[in-house]
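One-letter residues, chain by chain:
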Amino acid sequence: KAGVTQTPRYLIKTRGQQVTLSCSPISGHRSVSWYQQTPGQGLQFLFEYFSETQRNKGNFPGRFSGRQFSNSRSEMNVSTLELGDSALYLCASSSLAGFGAVETQYFGPGTRLLVL
Amino acid sequence: AQSVTQPDIHITVSEGASLELRCNYSYGATPYLFWYVQSPGQGLQLLLKYFSGDTLVQGIKGFEAEFKRSQSSFNLRKPSVHWSDAAEYFCAGSDYGGSQGNLIFGKGTKLSVKP
C-alpha cells in the first residue's frame, strides 16, 4: 500500500506570493490533516478535512486555507506569504475523522517551504 | 487557556535504561491526549492516544502512557530504551473529539540514547 505523498517536497517563494501544497492520502483514507512545524513555534495543527468538509481547525489566519477533493486528495494554500511562513508542512491521513475517532495516522514526508 | 507542557527539552538515557517523558495539560474537561515521535528516518508517527477508560494505554514500539487526572499529566514510559528510540517526542491534546476543535502540541522533548 502506497504511503502518504506530498508534493512538492521543497519550495522557495518570495514574500507576497501564494503557494499551494498537495497531499495524497493512503488509498481508502478519507481524513487529511495538515500541520506546520517551525523551530520557533514547534508543531501546530492547521486543519483537518474529511469527505471534502473541514472538520477541525487550528488558530491560523485566513491566509491559510485548504480543500479536499472527491478522491480525498487535499491541498492547502497560503496567500500573501510572509517570512514566518517558512516551515515544514506535514500532512497525515486517517480512515476516520476527528481527534476522538482516530485509530492511527500516517504522516507524509512533508513539504519544506522557504519564503525569501 | 488550553495548553500542553513538556517540561524537559532534552533527556539523555543509557541504552537499556527505563524512560519517562513528562507531559502536563491544562484543559477544563478530560482532553484527548496523544504522543507522537519524530525521527529523521521515520518522520512523524503517532505512538499512542488516550480518550477515556483505562488510564494506562499501550502504544507502538513498546511505549505506554498513563493518564493521571489528579496531576494533569500524561507521561510516556518505556521499560528499556533502545538506541533506535533516539528522536523527538511530542505530546498533544484536544478537548474536542468531533469537529471544530484544535490540537495543541507541546514543544517537544529530544531524547538521546547513550550506548
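To be clear, the structure that these remarks concern was listed above.
Residues numbered from 1 in each chain as written. Chains lettered and ligands numbered in written order. Predicted model: local features only at pLDDT ≥ 70, side-chain atom pairs only at ≥ 80, totals over all residues. Heavy atoms only, no water.

Attention now moves to the sheet that holds strand 3 (residues 19–24) of chain A. All names here are of chain A. Read from one edge of the open sheet, four strands run 1-3-8-7, paired in antiparallel fashion. Two strands in the sheet have a free side with no partner beyond their single neighbour: strand 1 (5–7) and strand 7 (64–68). Adjacent strand axes in the sheet meet at a mean angle of 20°, parallel and antiparallel pairs treated alike. Sheet topology note: the strand 3/strand 8 (residues 74–78) ladder contains five bridges and is antiparallel. Within the sheet, the bridge partner assigned to leucine 21 lies in strand 8 and is methionine 76. (Pairing = 2+ DSSP bridges. Helix = DSSP H or I, 4+ residues; strand = E, 2+ residues; numbered from the N terminus. Axes fitted to C-alpha atoms, helices over the stretch in contact; angles between N-to-C directions.)

Our focus in this paragraph is unusual backbone geometry. Residue Thr7(A) is joined to Pro8(A) through a cis peptide bond whose omega torsion reads -15°. Take Pro8(A): it is sitting in the loop between strand 1 and strand 2 (10–13). You will see that Ser51(A), though not glycine, has its phi angle at about 45°, which is positive. On the accessibility criterion, Ser51(A) (31% relative accessible area) is partly exposed. Here Ser72(B), not a glycine, exhibits a phi torsion of approximately 50°, which is positive. (Buried < 20%, exposed > 50% of the residue type's maximum accessible area, 1.4 Å probe, protein only.)

Time to look at the pattern of salt bridges. Residues and elements named next belong to chain A. Within the structure shown, the criterion is met by eight salt bridges over all chains. Aspartate 85 is the salt-bridge partner of arginine 63, the closest N and O atoms lying 2.8 Å from each other. Residue arginine 63 is located in the loop between strand 6 (53–57) and strand 7, and its partner aspartate 85 is located in the loop between strand 8 and strand 9 (87–94); the two are separated by 22 residues in the primary sequence. Its relative accessible area of 17% is what places arginine 63 among the buried residues. (Salt bridge = Lys/Arg side-chain N within 4 Å of Asp/Glu carboxyl O.)

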